[in-house]
2 protein chains.
Amino acid sequence: MSAYQLLVTVQVIDEEVAKLLELKAQLGGDDGKQTFVLKTAKGTRDYNPKQMAIREKVFNTIVSCFKRHGAETIDTPVFELKETLTGKYGEDSKLIYDLKDQGGELLSLRYDLTVPFARYLAMNKITNIKRYHIAKVYRRDNPAMTRGRYREFYQCDFDIAGQYDPMIPDAECLKIVYEILSELDLGDFHIKVNDRRILDGMFAVCGVPDEKFRTICSTVDKLDKMLWEDVKNEMVKEKGLTEEAADQIGEYVSMQGGMDLAERLLHDPKLSQSKQACAGLTDMKQLFSYLQLFQITDKVVFDLSLARGLDYYTGVIYEAVLCQTLQAPTPAPAEQNGAVSGEEGGVSVGSVAGGGRYDGLVGMFDPKGRKVPCVGVSIGIERIFSIMEQKAELSAEKVRTTETQVLVASAQKNLLEERLRLTAELWNAGIKAELLYKKNPKLLTQLQHCEETGIPLVAILGEQELKDGVVKVRNVATREEVRKASQKRGWGNVCSAVEKIL
Amino acid sequence: MSAYQLLVTVQVIDEEVAKLLELKAQLGGDDGKQTFVLKTAKGTRDYNPKQMAIREKVFNTIVSCFKRHGAETIDTPVFELKETLTGKYGEDSKLIYDLKDQGGELLSLRYDLTVPFARYLAMNKITNIKRYHIAKVYRRDNPAMTRGRYREFYQCDFDIAGQYDPMIPDAECLKIVYEILSELDLGDFHIKVNDRRILDGMFAVCGVPDEKFRTICSTVDKLDKMLWEDVKNEMVKEKGLTEEAADQIGEYVSMQGGMDLAERLLHDPKLSQSKQACAGLTDMKQLFSYLQLFQITDKVVFDLSLARGLDYYTGVIYEAVLCQTLQAPTPAPAEQNGAVSGEEGGVSVGSVAGGGRYDGLVGMFDPKGRKVPCVGVSIGIERIFSIMEQKAELSAEKVRTTETQVLVASAQKNLLEERLRLTAELWNAGIKAELLYKKNPKLLTQLQHCEETGIPLVAILGEQELKDGVVKVRNVATREEVRKASQKRGWGNVCSAVEKIL
């Protein structure tokens, strides 16, 4: 059994035990008196220090990238007026958490970060901003927690709002995805790109009636999880498309390429009849020319099967996919089909980022319907966390949960005061230091603490050394006593010795 | 009118306008059709990029300090099972936000971080941890937003859990408060210290009946906002204490000092009759001896009037107070008296940190009542944010909301491709760079963007320079063209030139 499998099994057992304990509590416990259930709410979890250390590392990489690209950040409240969210998520609205009516306004927990962003822009009449926002969102979904799906989860969004020359901000979003996935070292990946206008043009020339564009688009979106035969079946049998139309779509959606494909399709006798498709294809060529300047075309594929779940996209769309996932268990197709569509919910296995252009959303909030064109990307941070956690589980290297550099220890009794004094001097010198909160801890206990928590150095105080005016500084891993520093009026020399070693 | 007053006035107007608009919406708007209200929920706010920049700076200082002291961090869900919070906050429970019953568990938004921490320790059977947790908490209070009080606000907690030798972790908490307030440079401050056991012993020897300890303690807690006469009145007239008892309390609570006061009170004929008081006074002496080793006694005062609002404290308590606040408006006493007690809510004007020892809380969650002694401190981060914002308003220096180091600009038309290529190379070299998303922006527009957003350098591409293989790098503030870097196969030289200048 692999470490990962073991982890999954333990999680399943924990969940089952929690369910049974809850049932027991409802039944009144052993002796008829109410038993208190110690658990977090369904679909939520605590992050322990190890998970937080991994989370911090991932956030640092991502935020550094956003800052490198000149982004600002904003924050919005965890709940919004219920009506702010109303009519933005279609069927998925049933997954919104409402707050209890306790008098006053009707409130709901945010479902994503995009709608609050659009509300923020409209409310503050902002027409230009490049911002990122990393925060938790809430969906009353039936979570498959063993696969890293939760009711409370992070979203990590970068968006550029403003009226600009075509495809320049769009290209930067793709560059950002490329940089982040490369730096996080998640293995090989590729980024699929398409354009809603190309899809719509394609539907039009293949004879799909206008009113079926969105629903056929949703079916096309399933191509990464279902075979073409099944997708076609859904189009024809469930959605009432003619077999001929479906077959024509089938030909297009099997196409993948780069700028050359865009060029070729601009001369496709059928597709070139659609103005929308031509606009999308011209922009696609432009996009690829910018991606060439950015030197990232090796990972980017123009893929006509990419559709994305959300309704609000109006132009270019993209999705980054890992080429091979670690030891993640393959989910049953039935479960996947039942998955909720949406930024995070509908992301397929292997998908770690996605986004696109949405030029109409801000206008929904503006009293005069003034539009602010936007393009953005959402990094699938929860999926990335689980991959990093798996990697950490499988790796021999221990994840440190503190950054402590030195433990101030003593070899004999009655040296607490000296330990406190030295520790304070280290803190004042900006060195990360700890001591055990015992008057007379054993040296072995102190060394074990270093080994358990990965503290690299231990400063050992002893009576003889104090008399001689020296402190031993030991490298915990090698057990070498790397330096003796003389002590005169305070511990300045020890501080600088420690600094030098670190 | 000062900048701060202006700010307050604008906020008040905004709030009033929002109220009126809401009313209008309820009435059906101008023409009978529902008008959509663009606002955040009552008592909440968005953070704009400037506020976020200040917030990030404050968090960095605080988190660095926590890490220097070897702390780990955890995170817990924003909502808990309702029963987890039940019976922990006394009367204030009415301020808890409940989620709507949408089937499944009954949930509430967290009211503070201490109860979720205790739940986490008990649930995971953790007996030793030093952790910090920075997160938002929720209270359905009537917020005075102009005074920086909100329904959604940050808490910033550091706690040490575990059975240790007396006063060592307690002293570290005070050292942390000292370090953070010094580093944030909020002006002079002092830290009041007391002990619940000393207070209880004092109440006992002054003849307060046992069952009145907590309520008299709450009255004493008002001494920083009310005159002794009024406090005494409340004790005698509202809470039924004898005048004699109140006067005896009055003598004690006027005492302030250091280790000497603790020593003197240990020999006080009355107070020394209480075992509890003696235990507290002995520990107070011990605490001061550690604070001397930490060299922080200059700011710490043993103050017998300090009581703290929360019921759960069992030993040492403390509160840090700014000696003078900036231009903050003095709140009306009536409002302050109506203030909710609790970690953040009850903090008096000028108070920026508080905490103490609570040895019983974790045991409330453990099925067998096993106790885990805890001591901790909560930094009054929202108060600190408003002070920093005021300082920023009053300061001539502009708050930067991005960290961009270079803008890649062009002096002529048709150089977009060159701009994109150089920008990408700067990004790849880890340099924070931007370009305007226009094909042919004017040089003036580009320079103005630098001045508005504080970008220090601009790399200017021109046709002649491209031919000559050079790039001008201009210092925006001094307008000096500080370096010309030659260009051969890519822009490596420009990157290193920019790095050198920065």
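Numbering of residues starts from 1 in each chain and follows the order in which that chain's sequence is written. Here chains are named by letter from A upward and ligands by number from 1 upward, in the order in which they appear as written. Thresholds applied to this predicted model are a pLDDT of at least 70 for local features of residues and 80 or more for the giving and counting of side-chain atom pairs; totals over whole chains, interfaces and linings are not thresholded and use all residues. By convention in this description, side-chain values take in all heavy atoms of the structure and omit both hydrogens and water.

Chain A is annotated in an unreviewed UniProt entry as histidine--tRNA ligase from Pygocentrus nattereri. UniProt's Catalytic activity (unreviewed entry) comment on chain A is quoted here verbatim: "tRNA(His) + L-histidine + ATP = L-histidyl-tRNA(His) + AMP + diphosphate + H(+)". UniProt positions are given in the numbering used here, feature names are shortened, and annotations may be inferred rather than shown by experiment. As recorded by UniProt, the Sequence similarities (unreviewed entry) comment attached to chain A reads in full: "Belongs to the class-II aminoacyl-tRNA synthetase family."

S.K.: What exactly am I supposed to notice about the overall build of chain A here?
M.R.: Only runs of H or I of at least four residues qualify as helices and only runs of E of at least two qualify as strands under DSSP, and these elements are numbered from the N terminus. Looking only at helices and strands, chain A features 17 helices and 16 strands. Counting every position in chain A, which comprises 502 residues, the buried fraction comes to 58%. We call two residues in contact when some of their heavy atoms are within 4.5 Å. Summarising the internal contacts of chain A: among those between residues at least 6 apart in sequence, 70% fall at separations of at least 24. Surface exposure of chain A reaches about 21200 Å², of which carbon and sulfur atoms provide 50%. Exposure categories follow from relative accessible area, calculated using a 1.4 Å probe and restricted to protein chains: below 20% of the type maximum is buried, above 50% is exposed, and the middle band is partly exposed. Areas reported here follow the Shrake-Rupley algorithm with a probe of radius 1.4 Å; residue values treat only the protein chains shown as occluding.

S.K.: Would you mind showing me how to read the packing of aromatic side chains here?
M.R.: Given two aromatic rings, their pairing is described by the distance between the two centres and the angle made by the two planes. All names here are of chain A. Put simply, two rings from Phe, Tyr or Trp (the six-membered ring, in Trp's case) pair if the centres are within 6.5 Å, and we call them stacked under 30 degrees between planes, edge-to-face over 60, tilted for the rest. Under the defined criterion, the tally for this structure stands at 30 aromatic pairs over all chains. With 5.3 Å between their ring centres and 35 degrees between their planes, Phe 66 and Tyr 132 make a pair best called tilted. Taken together, the positions of Phe 66 in helix H2 (residues 49-68) and Tyr 132 in strand E4 (residues 129-138) put the pair 66 residues apart, joining distant regions of the chain. By way of ring pairs, the aromatic residues Tyr 47, Phe 59, Tyr 154 and Phe 385 are connected into one cluster. Only when the NZ atom of a Lys or the CZ atom of an Arg is both within 6 Å of the ring centre and within 35 degrees of the ring normal do we say a charge sits over the ring. Over the face of the ring belonging to Tyr 47 we find Arg 45, whose NZ or CZ atom lies 4.6 Å from the ring centre. A cation sits over an aromatic face here: Arg 139 above Tyr 111, 4.1 Å from the ring centre.

S.K.: For this particular structure, what's the right way to read the sheet that holds strand E6 (residues 189-195) of chain A?
M.R.: Strand pairs in the sheet, formed through backbone hydrogen bonds, run parallel or antiparallel to each other. Residue and element names in this part refer to chain A. Strands qualify as paired when DSSP identifies two bridges or more between them. Spatially, 9 strands are ordered E1-E4-E5-E11-E10-E9-E6-E8-E7 in an open sheet, and the strand pairing comes out mixed. Of all the strands in the sheet, the pair left with one neighbour each is strand E1 (72-73) and strand E7 (256-257). Of the strand pairs in this sheet, strand E5 (residues 152-161) and strand E11 (residues 374-379) are connected by 5 bridges, and their pairing is antiparallel. Following the sheet pairing, Ala 161 is matched in E11 by Cys 374. Those strands touched by helix H11 (residues 275-293) are E6, E7, strand E8 (300-303) and strand E9 (316-322), and its axis lies near 170 degrees from that of E8. Geometry is summarised by axes, namely lines fitted to C-alpha atoms with helices restricted to the contacting stretch, and by angles between N-to-C directions that run from 0 to 180 degrees.

S.K.: Just checking my understanding: could you explain the sheet that holds strand E4 (residues 129-138) of chain B for this structure?
M.R.: Residue and element names in this part refer to chain B. The 9 strands are arranged E1-E4-E5-E11-E10-E9-E6-E8-E7 in an open sheet whose pairing can be described as mixed. The two strands at the open ends of the sheet, each matched to only one other strand, are strand E1 (72-73) and strand E7 (256-257). In this structure, strand E6 (residues 189-195) lies alongside strand E8 (residues 300-303), joined through 3 bridges in parallel fashion. Residue pairing in the sheet places Lys 192 in a bridge with Val 301 of E8. Where helix H5 (residues 168-184) meets the sheet, its contacts fall on E4, strand E5 (152-161), E6, strand E9 (316-322), strand E10 (351-357) and strand E11 (374-379), and the angle it forms with E11 comes to roughly 10 degrees.

S.K.: Teacher, can you tell me more about the interface of chain A and chain B here?
M.R.: Quoted interface sizes are often the accessible area lost when the parts come together. Counting from both sides, the interface comprises 90 residues of chain A and, opposite them, 90 residues of chain B. Buried area: the accessible area, evaluated with a 1.4 Å probe, that two parts lose upon being put together, summed over both parts. Interface area for chain A against chain B, summed over the two sides, is near 8400 Å², with a carbon-plus-sulfur share of 59%. Any carboxyl oxygen of Asp or Glu within 4 Å of a side-chain nitrogen of Lys or Arg constitutes a salt bridge here. Where chain A meets chain B, there are 16 salt bridges. Contacts described as polar in this section are N or O atom pairs within 3.5 Å, which, within protein, must combine one atom able to donate a hydrogen with one able to accept it, while residues neighboring in sequence count only if both atoms come from side chains. Across the chain A-chain B interface, the total number found is 46 residue pairs in polar contact (both at pLDDT 80 or more). Looking at which element gives the most residues to the side of chain A that touches chain B, the answer is helix H14 (residues 416-428) of chain A, with 7 residues. The class makeup of the residues in the side of chain A that touches chain B is 41 nonpolar, 18 polar and 31 charged. Three residue categories are used. Nonpolar comprises Ala, Val, Leu, Ile, Met, Phe, Trp, Tyr, Cys and Pro, charged comprises Asp, Glu, Lys and Arg, and polar comprises the others, including Gly.

S.K.: Is there a simple way to explain the relation of the copies chain A and chain B in this structure?
M.R.: In summary, the two copies of the chain are related to each other by a rotation about an axis coupled with a shift along it. Alignment of the copies relies on least squares applied to C-alpha atoms, considering only residues that score at least 70 for pLDDT in both. Rotating chain A by 180 degrees about the axis while translating it 0.0 Å along that axis superimposes it on chain B, leaving an RMSD of 0.0 Å. Put plainly, the chains are arranged around a two-fold axis. The share of interface residues of chain A whose copies in chain B are also at the interface is 100%, consistent with both copies meeting through the same surface.

S.K.: Sorry, what's going on with the environment of Asn 128 of chain B here?
M.R.: Residue and element names in this part refer to chain B. Tracing the backbone shows Asn 128 in the loop between helix H4 (114-123) and E4. On the basis of relative accessibility, which here comes to 45%, the residue Asn 128 falls in the partly exposed class. Distance from Asn 128 to Asn 60, taken between C-alpha atoms, is 25 Å for residues 68 residues apart in sequence. Within the structure, Asn 128 has its side chain in polar contact with the side chain of Thr 127 (distance 3.2 Å). A polar contact of 2.9 Å, which involves the side chain of Asn 128, links it to the side chain of Tyr 164.

S.K.: Before we go on, may I ask you to explain H5 of chain B in this structure?
M.R.: Note that an α-helix has 3.6 residues per turn; residues three or four places apart therefore point the same way. Residues and elements named next belong to chain B. Each residue after the first adds 1.5 Å to the expected span of a helix. Between the first and last C-alpha of H5 there are 25 Å, a value that for 17 residues agrees with the 24 Å anticipated at 1.5 Å per step. Buried residues dominate H5, accounting for 15 of its 17 residues. One or two steps after H5, the chain reaches Asp 185, where phi turns positive at roughly 60 degrees.

S.K.: Help me understand the confidence of the model for chain A, please; the structure alone is not making it clear to me.
M.R.: Low pLDDT means the predicted coordinates in that region are not meant to be read closely. All names here are of chain A. Residues at a pLDDT of 70 or more form 85% of chain A, whose mean pLDDT is 87. pLDDT measures the predictor's confidence residue by residue and takes values from 0 up to 100. Confidence over residues 24-34 falls short of pLDDT 50; this stretch has 8 contacts with residues more than four positions distant or in other chains. Considering only residues more than four positions removed or in separate chains, one finds that residues 326-348, a stretch of pLDDT under 50, has 53 contacts. Interface confidence in the predicted complex, given as ipTM, is 0.86; pTM for the same model is 0.87.

S.K.: Would you explain the pattern of salt bridges in this entry?
M.R.: For side chains bearing opposite charge, pairing can occur when the charged atoms are close. Across all of its chains, the model carries 70 salt bridges over all chains by this definition. Two residues, Glu 179 of chain A and Arg 68 of chain A, come together in a salt bridge whose shortest N-O distance is 2.7 Å. Of the two residues, Glu 179 of chain A is situated in helix H5 (residues 168-184) and Arg 68 of chain A in helix H2; the sequence distance between them amounts to 111 residues. Judged by relative accessible area, Glu 179 of chain A falls into the buried class, the value being 6%. Linked by salt bridges that have partners in common, Arg 55, Lys 136 and Glu 152 of chain A together with Asp 75 of chain B make up one network.

S.K.: I keep staring at the packing of helix H8 (residues 228-238) of chain B against helix H9 (residues 243-253) of chain B and nothing clicks. Help me out?
M.R.: Packed helix pairs are specified by the crossing angle of their axes together with the interaxial distance, meaning the distance between the axes. All names here are of chain B. Interhelical geometry of H8 versus H9 gives an angle of 145 degrees and a closest axis separation of 10 Å. Crossing geometry of H8 relative to H9 is assigned as right-handed. Residues Trp 228, Lys 232, Met 235 and Val 236 of H8 touch H9, and the partners they reach there are Glu 243, Ala 246, Asp 247, Ile 249, Gly 250 and Val 253. Put simply, a crossing is left-handed when the front helix is turned counterclockwise from the back one by less than a right angle, and right-handed when it is turned clockwise.

S.K.: Honestly, the UniProt feature "binding site: L-histidine" (unreviewed entry) in chain A in this entry has me stumped. Any pointers?
M.R.: Residues and elements named next belong to chain A. According to UniProt, the positions carrying the feature "binding site: L-histidine" (unreviewed entry) are Asp 112, Leu 113, Thr 114, Arg 139, Gln 155, Asp 159, Arg 308, Tyr 312 and Tyr 313. Mapped onto the fold, Asp 112 is located in the loop between strand E3 (107-109) and helix H4 (114-123). Apart from the residues within four sequence positions on either side, Asp 112 is in contact with Tyr 89, Val 137, Arg 139, Gln 155 and Tyr 312. Side-chain polar atoms of Asp 112 contact the backbone nitrogen of Thr 114, separated by 3.3 Å. Structurally, Asp 159 can be placed in strand E5. A residue is classified by how much of its surface remains accessible, and Asp 159, at 3% relative accessible area, is buried. A polar atom in the side chain of Asp 159 sits 2.8 Å from the side chain of Arg 131.

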